Amino acid sequence: MIINETVSSPVITNTASAPSKFKIKASAKAFKILSGFYSEPILAIPRELGANAWDSHVKAGNTTTMFEVHAPNQLEPWFSIRDFGTGLSQEAIDTIYTTYFESTKTHDNDSDGCMGLGSKTPFNYTENFNVTSWHRGMKHIYNCFIDEAGSPNIMHIASELSKEHSGLEVKFGVKITDITMWVDKITRAYEPFRYRPTIKGA
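What you see is a predicted model, and the numbers here were worked out from it, not measured in a lab.

Q: What am I meant to see in the confidence of the model for the protein chain here?
A: Any region with low pLDDT has predicted coordinates that should not be read closely. Here the protein chain shows a mean pLDDT of 84. Residues at 70 or above account for 77%. Confidence drops under a pLDDT of 50 for residues 105–114, and excluding neighbours within four residues, the segment shows 25 contacts in the predicted structure.

Q: For this particular structure, what's the right way to read the packing of aromatic side chains?
A: Pairs of aromatic rings are described using the distance from one ring centre to the other and the angle between the two planes. Counted according to the given criterion, the structure contains nine aromatic pairs. Between Tyr190 and Phe193, the ring centres sit 5.0 Å apart and the planes meet at 85°, which makes this aromatic pair edge-to-face. Of the two residues, Tyr190 and Phe193, both sit in the buried class. An aromatic cluster of three or more residues is present, and its members are Phe79, Tyr125, Phe172 and Trp182. Note that Arg82 overlies the ring of Trp134, its terminal NZ or CZ placed 3.8 Å from the centroid. A cation sits over an aromatic face here: Lys171 above Trp78, 4.4 Å from the ring centre.

Q: Where do I start with the pairing of strand 4 (residues 138–146) in this structure?
A: Two faces, one strand: in a regular strand the side chains alternate between the faces of the sheet. The sheet contact formed by strand 3 (residues 128–135) and strand 4 spans eight bridges and is antiparallel. Note on strand 4: the bridge partner recorded for Phe129 is Cys144. Between strand 3 and strand 4, which follow one another and run antiparallel, lie two residues, and Arg136 among them has a positive phi close to 50°. Summarising the sheet, strand 4 and strand 5 (residues 152–161) pair through nine bridges and their orientation is antiparallel.

Q: Where do I start with the side chain of Ser119 in this structure?
A: Structurally, Ser119 is set in the loop between helix 3 (90–97) and strand 3. Side chain to side chain, Ser119 and Lys120 meet in a polar contact 3.2 Å long. Those residues in contact with Ser119 that sit more than four places away from it in its chain are Leu49, Asn52, Tyr97 and Phe129.

Q: Help me out: how do you make sense of the sheet that holds strand 5 in this one?
A: The strands making up a sheet associate through backbone hydrogen bonding, with each pair oriented either parallel or antiparallel. If you trace the seven strands from one edge of the open sheet to the other, you get 5-4-3-6-2-1-7, paired in mixed fashion. The open sheet has two edge strands with one neighbour each: strand 5 and strand 7 (198–201). Strand-to-strand twist across the sheet, computed as the mean angle between neighbouring axes with direction ignored, equals 15°. Here three bridges tie strand 1 (residues 68–71) to strand 2 (residues 78–82), and the two strands are oriented antiparallel to one another. The partner of His70 across the bridge, within strand 2, is Ser80.

Conventions adopted
Residues numbered from 1 in each chain as written. Predicted model: local features only at pLDDT ≥ 70, side-chain atom pairs only at ≥ 80, totals over all residues. Heavy atoms only, no water. pLDDT = per-residue confidence, 0-100. Contact = heavy atoms within 4.5 Å. Phe/Tyr/Trp six-rings, centres within 6.5 Å; stacked < 30°, edge-to-face > 60°. Buried < 20%, exposed > 50% of the residue type's maximum accessible area, 1.4 Å probe, protein only. Lys NZ or Arg CZ within 6 Å of the ring centre and 35° of its normal. Pairing = 2+ DSSP bridges. Helix = DSSP H or I, 4+ residues; strand = E, 2+ residues; numbered from the N terminus. Polar contact = N/O pair within 3.5 Å; in protein donor to acceptor, adjacent residues only side chain to side chain. Axes fitted to C-alpha atoms, helices over the stretch in contact; angles between N-to-C directions.

If you want it as structure tokens, here you go:
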């Protein structure tokens, strides 16, 4: 989604010194704030990841197939979301997926997202989640985690040839005591969606 940016008029000054830009320090505190600024952090996970999934379907021209969501249950206590869109290359994972405020949809009005924050929402609940990308005949597996200093990291686990449909999957474990809450959040998250995902699990 394209955001209109306001450009201020230049300031006229008699001083010879050049202006200095404000900066953002890449600290654990900053990452924590950026990952969890949603009013309902847990609800934001299926909602934001679902919006990303559908945007990828639109980009791939695959709007007749729904993305899939696994809701946790007692036998399968995990949440996952798997789309059948474009997938991401290793370069895109390294340069876009892991960068806050970086997005492939900044100049695209056909997509809902544009801030590059939705993909990081799993950190609202867990300190460890897996990302699998199927892209141009390759399967790339990553682990995202919070290190001892409190900063988010990503580690490439493996790459292999694959004949599976292109797309992206995000997956992480859910506490048994949180299963009921997760089912409720998933239900609420997709109520406003015009196109509902296929729900598996619970």
